[in-house]
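Summary of the model geometry
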Amino acid sequence: MKSYTKLFLISLIGIVMLSSADCNKHPAGSKIPLYSYLEPIINPPDTFQIAYNLSVYGDKIAHVSFQDNAVWLVEKLGVGKAVFKAVSYDSTIVVIDSQDTLAMKGGKTYAFIANNNNYTDINNYFVQFTKLSMSYDSYEPKFKQGEKK
């Protein structure tokens, strides 16, 4: 009887540890600016994050306008189960599985959409944007009409 209790407790502890490892939390004391998807993001810094609340069903849309033409690394942080898409000003859609590099035009508004279609328990969901030192003019393909991925 004691061995069943020990096995049960070990299993329970293992489940708790595995489920907590899948959490998605913004690091405390992080110096990376954090924006909400609820407000338009205009001329963000060279590295920033967007926080989405995915506790309810449906698309959560962040609207971002960049100051200059630039190449950006877009990375999903934490839980990979959420669907994340980038939509250009001309309606080109790119689904981002874990990360992607996008050449985005300054002065245009892009939509970044997160959705929890899996109905899993995700509350806060973060995506990080990092401006790369690559030339926008020479980077291909540009994130524009006809360049769907």
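Right above here is the structure, for reference.
Throughout what follows, the structure given in this document is the object of discussion. (Residues numbered from 1 in each chain as written. Predicted model: local features only at pLDDT ≥ 70, side-chain atom pairs only at ≥ 80, totals over all residues. Heavy atoms only, no water.)

1. Quick word on the packing of aromatic side chains
Applicable threshold: Only centres within 6.5 Å qualify two rings of Phe, Tyr or Trp (six-membered ring in Trp) as a pair; their planes then separate them into stacked at under 30 degrees, edge-to-face at over 60, and tilted for everything else. Only DSSP runs of H or I covering at least 4 residues are called helices, and only runs of E covering at least 2 are called strands; the numbering of each starts at the N terminus. Note on classification: 1.4 Å probe, protein chains only; a residue is buried when its accessible area is under 20% of the maximum for its type, exposed when over 50%, partly exposed between these limits. Whether a charge sits over a ring comes down to the Lys NZ or Arg CZ being within 6 Å of the ring centre and within 35 degrees of the ring normal.
For the structure on display, the rule yields 13 aromatic pairs. Ring centres of Phe-48 and Phe-129 lie 4.7 Å apart, and the angle between their planes is 5°; on these two criteria the pair is classed as stacked. Separated by 81 residues along the polypeptide, Phe-48 in strand β3 (residues 47-53) and Phe-129 in strand β10 (residues 124-131) bring together distant segments of the chain. Centre to centre, the rings of Tyr-89 and Tyr-110 are 5.8 Å apart; their planes meet at 75°, and the pair counts as edge-to-face. Of this pair, Tyr-89 sits in the loop between β6 (83-87) and β7 (93-95) while Tyr-110 sits in strand β9 (residues 109-115), placing them 21 residues apart in sequence. Tyr-110 sits in the buried class, given a relative accessible area of 0%. The ring centre of Tyr-89 lies 5.0 Å from the NZ or CZ of Lys-108, which sits over that ring.

2. Points about the sheet that holds strand β4 (residues 60-65)
Hydrogen bonds between backbone atoms are what pair the strands of a sheet, whose relative direction is either parallel or antiparallel. Counted only if it meets this: Pairing between strands requires that DSSP locate at least two bridges from one strand to the other.
Spatially, β2-β4-β9-β6-β7 is the arrangement adopted by the five strands of the open sheet, whose pairing is mixed. Whereas interior strands pair on both sides, the edge strands pair on one side only; in this sheet they are β2 (41-42) and β7. Across two bridges, the pairing between β2 and β4 is parallel. Following the sheet pairing, Ile-42 is matched in β4 by Ser-65.

3. Topic: the nonpolar core
Where we set the bar: Joining through side-chain atoms within 4.5 Å is the link that ties buried Ala, Val, Leu, Ile, Met, Phe, Trp, Tyr and Cys residues into a set, and such a set is a nonpolar core. Whether two residues are in contact is decided by their heavy atoms: any pair within 4.5 Å suffices.
If you look at the biggest cluster of nonpolar residues, it comprises 27 residues, and the most contacted ones within it are Tyr-52 and Phe-112. Put simply, the parts of the chain that give this core at least two residues each are β3, β4, β5 (70-77), β6, β8 (99-104), β9 and β10. Residues contacting Phe-112, with those up to four places away along its chain left out, are Tyr-52, Lys-60, Ile-61, Ala-62, Val-64, Phe-66, Phe-84, Lys-85, Ala-86, Met-104 and Phe-129.

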